[in-house]
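# Observations on the model geometry
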Amino acid sequence: MMGWTGGGLGKEGSGITEPIRPHEVHHRQGLGHEDAGVTPQFKKRIRDIIQNFRQDSGIEDLAFSPEFSKEQRAEIHRIARQYKLKSSSYGSNKDRHLVLSRKFSAKQLIRKLIEEGSTDKYQLIPPLKM
């Protein structure tokens, strides 16, 4: 009874007569489509890698190869956020790669550096005067 039967839209039938069409169609991909390389197996493998990284208590970062596709990197970013990890992409084009790191407070980071020593990323410099 309230369905469209043709003609213009609106009370007087003076609105648009043609449905609104999208400007672009992306390879006819609908809901449930899996982006290139983002399979359930890929998601499980990345989730396992990130869980293992998160359980390790070190201060080192986890770097992913630039061989991952844009869609795969986006999925890695998404999974990293679920585990409260910081994720950043560096480089451009074929050199684009992703790095995950743990979030530490200043006190936690200083304690880790005292325990484990300096790394390529962090160096603990004691104050000159105390």
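The rules behind the values
Residues numbered from 1 in each chain as written. Predicted model: local features only at pLDDT ≥ 70, side-chain atom pairs only at ≥ 80, totals over all residues. Heavy atoms only, no water. Phe/Tyr/Trp six-rings, centres within 6.5 Å; stacked < 30°, edge-to-face > 60°. Lys NZ or Arg CZ within 6 Å of the ring centre and 35° of its normal. Helix = DSSP H or I, 4+ residues; strand = E, 2+ residues; numbered from the N terminus. Expected span 1.5 Å × (residues − 1). Buried < 20%, exposed > 50% of the residue type's maximum accessible area, 1.4 Å probe, protein only. Arc of directions from axis to C-beta. Contact = heavy atoms within 4.5 Å. Axes fitted to C-alpha atoms, helices over the stretch in contact; angles between N-to-C directions. Parallel < 35°, antiparallel > 145°, perpendicular 65-115°, else oblique. Left-handed = near helix turned anticlockwise from the far one by under 90°. Nonpolar A, V, L, I, M, F, W, Y, C, P; charged D, E, K, R; others polar. Core = buried A, V, L, I, M, F, W, Y, C linked by side-chain atoms within 4.5 Å.

Overall, the coordinates contain two aromatic pairs when judged by the stated rule. Ring pairing ties together the aromatic residues F42, F64 and F68, which thus form one cluster. A cation over an aromatic ring shows up here: R102 above the ring of F53, its NZ or CZ 3.9 Å from the ring centre.

Our next topic: helix α1 (residues 40-55). Taking 1.5 Å per residue, 16 residues should reach 22 Å; α1 reaches 22 Å between its end C-alpha atoms and fits that length. Buried residues of α1: F42, I46, I50 and F53, and no others. Summarising the axial view, the buried residues of α1 lie within an arc of 60°, below the 170-degree limit, and thus occupy one face. Those residues of α1 that are exposed and aimed more than 90 degrees away from the buried face are Q41, K44, R45, N52 and Q55. Next to the buried residues of α1 lie β1 (62-64), α2 (70-82) and β3 (97-101).

Closest axis-to-axis distance for the α1/α2 pair is 10 Å, and the angle between their directions is 45°. Of the possible angle classes, the one that applies to α1 and α2 is oblique. In terms of crossing hand, the pair formed by α1 and α2 is right-handed. Mapping the contact onto sequence places F42, K43, I46, R47 and I50 in α1 and Q72, E75, I76, R78, I79, A80 and Q82 in α2. Taken together, the residues that form the contact of α1 with α2 break down as six nonpolar, two polar and four charged.

Among the nonpolar cores identified, the biggest contains 14 residues, and I46, I50, F64, I76, L85 and L100 are the most heavily contacted of them. Of all the elements in the fold, those that place two or more residues in this core are α1, β1, α2 and β3. With four residues, the top contributor of residues to this core is α1. Aside from chain neighbours lying at most four places away, what touches L100 is I50, F53, D61, L62, F64, A80, L85, K86 and S87.

Remember, this is a structural readout, not a statement about activity or role.
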